[in-house]
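Tertiary structure, described
What follows is each chain in one-letter form.
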Amino acid sequence: MADDYYKILGLTKPSSPAEIKKAYRKLALKYHPDKTKGDKTLEDKFKKISEAYAVLSDPEKKNQYDTYGSADFSQRFSQEDIFRNFDLGDILKEFGFGGGGFSSRGFSQGGASFGRGGGFSGNPFTQNMGGG
């Protein structure tokens with residue numbers, strides 16, 4: 001079963017871009033890996049929150065998601081598609097985290113690195129989730 005991105009962010013379908021961003025910021029701060037200190041469950045939650053925001057914050061992806069629903073959207077789009085043109089680094093910088101190379105370019109490459117210094121690089125959705 002595919003994830004409901006609105007539910008992940010605690011929103012309903014007619015949410016505005018400002019509401020989506022506000023919900024994401026609140027949850028990203030709460031579940032950021034630098035704050036959860038290696039808790040794999042909370043790290044996975046952060047990934048889901050970021051994925052939901054990557055889709056719902058992009059008008060074209062949001063339209064596709066709203067049109068086709070979560071199950072069909074997941075079949076049509078890969079992780080790389082979801083994070084294309086999404087720069088999590090800019091958002092994390094707003095929170096005071098390093099942001100590193102956490103851009104759309106970084107999402108398309110393997111081997112995420114979650115360092116203790118707050119820097120992120122690589123694809124956070126690969127299986128290799130070593131600490132820094």
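All of the points below concern the structure found in this document. The structure displayed is predicted, hence computed values, not measured ones.

Rules and cut-offs
- Residues numbered from 1 in each chain as written.
- Predicted model: local features only at pLDDT ≥ 70, side-chain atom pairs only at ≥ 80, totals over all residues.
- Heavy atoms only, no water.
- Helix = DSSP H or I, 4+ residues; strand = E, 2+ residues; numbered from the N terminus.
- Buried < 20%, exposed > 50% of the residue type's maximum accessible area, 1.4 Å probe, protein only.
- Contact = heavy atoms within 4.5 Å.
- Areas by Shrake-Rupley, 256 points an atom, 1.4 Å probe, with all protein chains shown as cover.
- Phe/Tyr/Trp six-rings, centres within 6.5 Å; stacked < 30°, edge-to-face > 60°.
- Lys NZ or Arg CZ within 6 Å of the ring centre and 35° of its normal.
- Expected span 1.5 Å × (residues − 1).
- Salt bridge = Lys/Arg side-chain N within 4 Å of Asp/Glu carboxyl O.

1. Section: the overall build of the protein
The number of helices and strands found in the protein is eight helices and two strands. Along the protein, helices (α) and strands (β) appear in the sequence α-α-α-α-α-α-α-α-β-β when read from the amino end. Each of the 132 residues in the protein was classed as buried or not, and the buried ones make up 41%. Considering only residue pairs separated by 6 or more positions, the protein has 45% of its internal contacts joining residues 24 or more positions apart. Summed over its atoms, the accessible surface of the protein is roughly 7200 Å², and 47% of this surface lies on carbon and sulfur atoms.

2. What about the packing of aromatic side chains?
Two aromatic rings, taken as a pair, are described by how far apart their centres are and by the angle between their planes. In this structure the tally under the stated criterion is six aromatic pairs. When the centroid spacing of 6.3 Å and the interplanar angle of 85 degrees are considered together, the rings of Y5 and F73 count as edge-to-face. With Y5 in helix α1 (residues 5-8) and F73 in helix α5 (residues 59-76), this pair connects stretches of sequence that are 68 residues apart. Just as Y5 is buried, F73 falls in that class too. With 4.3 Å between their ring centres and 15 degrees between their planes, Y24 and Y53 make a pair best called stacked. Residue Y24 is located in helix α2 (residues 17-31), and its partner Y53 is located in helix α4 (residues 40-56); the two are separated by 29 residues in the primary sequence. Taken together through their ring pairs, the aromatic side chains of Y5, Y6, Y65, F73 and F77 make up a single cluster. Above the face of the Y68 ring, R76 is positioned so that its terminal group lies 3.7 Å from the ring centre.

3. Let's talk about the environment of Q79
Turning to its location among the elements, Q79 is positioned in helix α6 (residues 79-83). Considering only alpha carbons, one finds Q79 and E51, 28 residues apart in sequence, at a separation of 8.3 Å.

4. Examining α4
For an α-helix the count is 3.6 residues per turn, leaving residues at separations of three or four pointing the same way. The end-to-end C-alpha separation of α4 is 24 Å, in line with the 24 Å expected for 17 residues at 1.5 Å each. Taken together, the buried positions of α4 are occupied by E43, F46, K47, I49, S50, E51, A52, Y53, A54, V55 and L56.

5. A short note on the pattern of salt bridges
A side chain with one charge may pair with a side chain of the opposite charge, provided their charged atoms come close. As enumerated under the stated definition, the model contains seven salt bridges in all. Two residues, K40 and D44, come together in a salt bridge whose shortest N-O distance is 3.4 Å. Here K40 and its partner D44 are both found in helix α4, four residues apart, which amounts to about one turn of the helix. K40 gets classed as partly exposed once you look at its relative accessible area, which sits at 42%. Residue K47 is joined to D44 by a salt bridge in which the shortest nitrogen-to-oxygen separation is 3.5 Å. Taken together, the residues K47 and D44, both in helix α4 and three residues apart, mark about one turn of the helix. One salt-bridge network, in which partners are shared between bridges, spans K40, E43, D44 and K47.

Function-wise, these values are silent; they only describe arrangement.
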